[in-house]
Structures are given as structure tokens and as C-alpha cells.
Amino acid sequence: MLDLTGKNALVTGIANNRSIAWGIAQQLHKAGANLGITYLPDEKGKMEKKVEDLVSPLNPSLFLPCNVQNDEQVSQVFSTIQDKWGKLDILIHCLAFASRDDLTGDFSNTSRDGFQLALDISAYSLLSLAKGAKPLMSEGGSIVTLTYLGGVRVVPNYNVMGIAKAALEMNVKYLAAELGPNNIRVNGISAGPIRTLASSAVGGILDMIHHVEEVAPLRRTVTQTEVGNTAAFLCSDLSSGVTGQILYVDAGYEIMGM
Ligand code: NAD
Ligand code: 0WE
């Protein structure tokens, strides 16, 4: 049985009710986990209010600001977990960002700043969060991140995000090797395209979704709930022998050659 009672889970990356992280948080809650939620703060505090209202039915016992570009905020998250929870069992990394200009046009046109921004937020952040989580995962733990096929194959316009996801996927493997002796597992979920805030801001996402519906073995796309259930599995003892892996939750699309 999938049981996460007594487990403390930190979930990053909820922006709204379409976020993949929201699908994950709901399934972790359903499995009995105690939740801590972080949000990306903005100047007006609009995001804080929006995310807080959304997550309140899941009764999170921690709700904290965390911009992964801000080391101070990241360390504040883990010192609060130390104080309030004493230990951490589960970390969900479910965030990415690149400048919009870098998700269209010639890949070779990517600026140095754009490259650094995408890799900092989308890939380096897994290291900084894992570093904070490591001493708190004193009874072992599970770290799960979200990736995309564009980090392994060329997907038109994914551009610099593909390089960030390739780095993220290798981060998963090097972290799994480092943290394995502490019984901390690190895995990635490679999700098929889903309509979310981040993907809807991208031109042509609907055409991509239609393509997947025609080609994927299951003849459909996947849902946030399906990704959430796989995350719950990777966070539970049901997957106790699995680490350093990228698991495709994409209706089978990745196996197809034509
Ligand atoms: P989303 O817009 O709902 O989530 C992206 C999140 O990243 C937001 O909550 C945003 O606040 C957060 N974020 C951005 N910059 C940040 C920063 N500096 N500090 C902290 N948080 C920051 O979109 P989503 O599609 O749910 O994306 C979640 C993850 O899933 C991403 O890693 C994305 O690459 C991955 N993914 C998405 C799809 C898809 O088709 N939607 C497919 C595969 C993988
Ligand atoms: O990882 C992602 C989304 C990544 C993303 C999206 C945006 C749009 C708005 C990162 N940064 C930004 N910055 C913005 O300003 N996905 C897997 C969804 C996605 O994005 C694509 C895709 C798919 C699929 C971009 C181009 C092509 C396909």
C-alpha cells in the first residue's frame, strides 16, 4: 500500500491549479504526508495569497517564500524545517524558467545571460535544495524532480531549456550517487506535455499536444494527477530500490521512432 503517513514533504513549484506541483501535492496529501509548500514571492504578495488559498484544503503545516535564485530564502526554508519539523523525508523540485526570448528563434542566438538564467533556476536549484535537505533527511529520504524529453532529444523551440534539462538529469544521477549512502534516493519524472502556466505561455503547445495524442501508444496526453501518482510512488517505500532514474510519464511517447 502506498502510505506516506508520518512523512514530511516539501513541495516547490505551485503557481496555480494547473501546476504539476499541485497535482503532486494533492496525491502526497492523499497518501497521508504532512506538507510544506513554497511559493515564488512577487512584490505585491499576489502569488502568496493565490497559492495560500489554493493549498489551504491540504492543511500545509509550513508555507514559505522561496525564490531559488535567493540563497538566503533557500537556507531560511531549511532552517524553518529544522525548527518546526526536525526532519524531512520528501523533496519535490518542480520548477523551471527561461527567458521567453530564448524559447523561440535560433538556438545559437541564446545569450550568455539567458543561458545562465535558465540553468541557474532550472538545474542548479536542484543542487542547492538537495544540499539543504541532506542533513535534514536523517532517516533517509526521496527527492523527485520534473524533466522533459527536450533534455534528451531536440524539440523545436525548447532550446536553452533542453540544455537545462540535460544538466538537471545529470544532476539527478550525481546526486543519487552522493546521497545513496545516506539512504536518500533521487529520481526524475519526465512528463509528457501538459497545459500549465509555463507551457501555455509557449507558442504551439496545443499542436504539440495534438501530435502526442496521435502518436503516443496510449493515444492521449497525461494529467497532473498521473504525474502526482508517480511522484507519490517514487516518494514511498514501494520504490525503495529505485534511485538515479528518469521515469517517463508520457503515455509512452518516448519509445516511438515515427
Ligand atoms: P508552472 O508554471 O505551473 O510551474 C513552474 C513553477 O516554477 C512555478 O510555480 C513558478 O513559480 C516556479 N518558478 C519559476 N522561477 C522560480 C524561481 N526563481 N524560484 C522558485 N520557483 C520558481 O508549470 P509546470 O508545467 O507545472 O512546470 C513544473 C515543472 O514541470 C518544470 O520543471 C517543467 O519544466 C516541468 N515539466 C512541465 C511539462 C509541461 O508540459 N507542463 C512537461 C514536462 C516537465
Ligand atoms: O519545461 C517546460 C516549460 C518551461 C518554461 C516555459 C516558459 C514559458 C514562459 C520555462 N520558462 C518559461 N518562461 C516564460 O517566460 N515544459 C516542458 C513545457 C514546454 O515548454 C516548451 C515546450 C514544452 C512542452 C517550450 C518550447 C517547446 C515545447
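As a further point, take the site of ligand 1. The immediate surroundings of ligand 1 are formed by 26 residues, with Gly 13, Ser 19, Lys 165, Ile 194 and Thr 196 found nearest. Residue Gly 13 places a main-chain N or O atom 2.8 Å away from an oxygen atom belonging to ligand 1. A total of 810 Å² of accessible area belongs to ligand 1 in isolation, and the protein chains cover 91% of it. Those elements that place two or more of their residues in the shell around ligand 1 are β5 (141-147) and α6 (197-200). Per element, the largest residue contribution to the shell around ligand 1 is 3 residues, and it comes from α6.

The next subject is helix α1 (residues 20-30). Summarising burial for α1: 8 of the 11 residues are buried, a large majority. Listed as buried for α1 are Ile 20, Ala 21, Trp 22, Gly 23, Ile 24, Ala 25, Gln 27 and Leu 28. For α1, the secondary structure elements touched by its buried residues are β1 (8-11), β2 (34-39), α2 (46-55), β4 (90-93), β5 and α8 (224-235). Following α1 by one or two positions, Gly 32 has its phi on the positive side, about 100°.

Turning to the side chain of Thr 12, a few remarks are in order. Tracing the backbone shows Thr 12 in the loop between β1 and α1. With a relative accessible area of 1%, Thr 12 lands in the buried category. Of note is the side chain of Thr 12, whose polar atom sits 2.7 Å from the backbone oxygen of Ile 92. Dropping the residues within four chain positions of it, Thr 12 is found in contact with Ala 21, Thr 38, Ile 92, His 93, Cys 94, Leu 95 and Leu 129.

To continue, consider the pattern of salt bridges. Oppositely charged side chains may form a pair once their charged atoms are brought near each other. All told, the structure shown has 6 salt bridges when counted by the stated rule. One salt bridge connects Lys 87 with Asp 89, and the closest N-O pair in it is separated by 3.0 Å. A relative accessible area of 5% places Asp 89 in the buried class. Several salt bridges share partner residues, and in doing so they unite Lys 87, Asp 89 and Glu 139 into one network.

Moving on, we get to the nonpolar core. Grouped together as the largest cluster of nonpolar side chains are 40 residues, with contacts concentrated most on Ile 14, Leu 28 and Val 227. Breaking this core down by element, the ones donating at least two residues are β1, α1, β2, α2, β4, β5, β6 (184-191) and α8. Residue contributions to this core peak at 6 residues, all from α1. Grouped together as the second largest cluster of nonpolar side chains are 30 residues, Ile 121, Ala 133, Met 137 and Ile 246 included.

A few words now on the packing of α1 against α8. At a minimum axis distance of 7 Å, the contact between α1 and α8 shows a crossing angle of 55°. Looking at the two axes, α1 sits oblique to α8. As for the relative orientation of α1 and α8, their crossing is right-handed in sense. Here Ile 20, Gly 23, Ile 24, Gln 27 and Leu 28 of α1 come into contact with α8, specifically with Gln 224, Thr 225, Val 227, Gly 228, Asn 229, Ala 231, Ala 232 and Cys 235. The residue inventory of the contact of α1 with α8, partitioned by class, reads 7 nonpolar, 6 polar and no charged.

Further remarks concern the environment of Arg 220. The residue Arg 220 is located in the loop between α7 (205-215) and α8 in this model. In this structure, the C-alpha to C-alpha distance between Arg 220 and Asn 8, residues 212 residues apart in sequence, is 33 Å. In this structure, Arg 220 is in contact with Val 212, Glu 213, Glu 226 and Ala 251, ignoring residues within four places of it in sequence. Polar contacts involving the side chain of Arg 220 include one to the side chain of Glu 226, which spans 2.8 Å.

Parameters at a glance
- Residues numbered from 1 in each chain as written.
- Chains lettered and ligands numbered in written order.
- Predicted model: local features only at pLDDT ≥ 70, side-chain atom pairs only at ≥ 80, totals over all residues.
- Heavy atoms only, no water.
- Near = heavy atom within 4 Å.
- Polar contact = N/O pair within 3.5 Å; in protein donor to acceptor, adjacent residues only side chain to side chain.
- Areas by Shrake-Rupley, 256 points an atom, 1.4 Å probe, with all protein chains shown as cover.
- Helix = DSSP H or I, 4+ residues; strand = E, 2+ residues; numbered from the N terminus.
- Buried < 20%, exposed > 50% of the residue type's maximum accessible area, 1.4 Å probe, protein only.
- Contact = heavy atoms within 4.5 Å.
- Salt bridge = Lys/Arg side-chain N within 4 Å of Asp/Glu carboxyl O.
- Core = buried A, V, L, I, M, F, W, Y, C linked by side-chain atoms within 4.5 Å.
- Axes fitted to C-alpha atoms, helices over the stretch in contact; angles between N-to-C directions.
- Parallel < 35°, antiparallel > 145°, perpendicular 65-115°, else oblique.
- Left-handed = near helix turned anticlockwise from the far one by under 90°.
- Nonpolar A, V, L, I, M, F, W, Y, C, P; charged D, E, K, R; others polar.

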